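In case you want the letters, here they are:
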Amino acid sequence: MQTSTPEITSAHGSNLRRQRVNGSAEPMAKRPIRRKPAQSGSAKCTVMLADDQSLVAEGMATLIASFDQCQVSLVTSDAMQLLAAAERSPPSLVVMDAAMAQSFRAARALATRCPRTKVILLDEFRLDTHLQRAMDCGAAGYVTKCDASTDLRAAVSKVLAGGHSFPDLMPLPMADCISSNSKSGGAAHALPLLTRRELEVLSHLAEGLKVREIAKALGISPNTVENHKAHVMRKLGLHKNVELARFAVRHGLVADA
């Protein structure tokens, strides 16, 4: 009577066919698995981006992602949120809006907590005060939104290679590069009209504090903080918290640390 060749099922559920040798069943030899050789090429450099203007942030992320060897891992509107993410998983590069609240503070913290991460500060237009602060806080580069995309590409390439990318500290004509926020520029003339308390409230708002937090810090009521905030907005001709924050950063009303 002819018997069929027995089969067994492995722990993984696969059938192992046996062949008879001298009347005993032995498993067939396994064939070696041929693995595909790993593709050569250097790893992508991770980039984190922070800008509180959504359209700018999205456009910048698309642009940087098109650069060779660059991969955008985070886009956020909050400098301190970026700092927290960078501490968890340090990127190769951070590109951050210099006019955003707490941007210089975050850049300084990155220089000490994530020393291998390079920082490029991006400004709306050239301000030597911001350029100097970028150098002082440990950033590796400074680029304006008025520059061409090729300028940003060159700065990114130079910084990732271990260099620095800063323009010379010298006055530049502003005719070809005007701020996209004309209100903020005109508001500078109203700065002397602010009282000491209004300046304090403005500074705390720019640092990202809530009304109740400001009230506690200054020892006043939340309603009084709201009144001071309304007076500041009226005097400066500004209408949003983000405009107040940019104004405060631009005029040095926010400390770096």
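The coordinates are above.
Let us look at the structure shown here. (Residues numbered from 1 in each chain as written. Predicted model: local features only at pLDDT ≥ 70, side-chain atom pairs only at ≥ 80, totals over all residues. Heavy atoms only, no water.)

## Digging into the side chain of E198
For step 1, the next point in the chain: Relative to the elements of secondary structure, E198 occurs in helix α7 (residues 196–206).
For step 2, the next point in the chain: At 2.9 Å, the side chain of E198 and the side chain of K235 are in polar contact.
For step 3, the next point in the chain: In contact with E198, not counting residues within four places along its chain, are L193, H228, H231, V232 and K235. (Helix = DSSP H or I, 4+ residues; strand = E, 2+ residues; numbered from the N terminus. Polar contact = N/O pair within 3.5 Å; in protein donor to acceptor, adjacent residues only side chain to side chain. Contact = heavy atoms within 4.5 Å.)

## Let's talk about unusual backbone geometry
Leave glycine aside and you will find that most residues have negative phi; peptide bonds, for their part, are mostly trans.
For step 1, the next point in the chain: Notably, Q69 is not glycine yet its phi reads approximately 65 degrees, a positive angle.
For step 2, the next point in the chain: Exposure remark for Q69: the relative accessible area of 34% places this residue in the partly exposed category. (Buried < 20%, exposed > 50% of the residue type's maximum accessible area, 1.4 Å probe, protein only.)

## Some words on the nonpolar core
Proteins that are soluble and globular tend to have nonpolar side chains buried together.
For step 1, the next point in the chain: If you look at the biggest cluster of nonpolar residues, it comprises 48 residues, and the most contacted ones within it are M96, L110, L121, L202, L236 and L244.
For step 2, the next point in the chain: Sequence-distant contacts of L202, that is, excluding residues within four places in its chain, are made with L194, V232, L236, L244, F247, A248 and L253.
For step 3, the next point in the chain: One finds V47, L49, V95 and I120 within the second-largest nonpolar core, a separate group that totals 17 residues. (Core = buried A, V, L, I, M, F, W, Y, C linked by side-chain atoms within 4.5 Å.)

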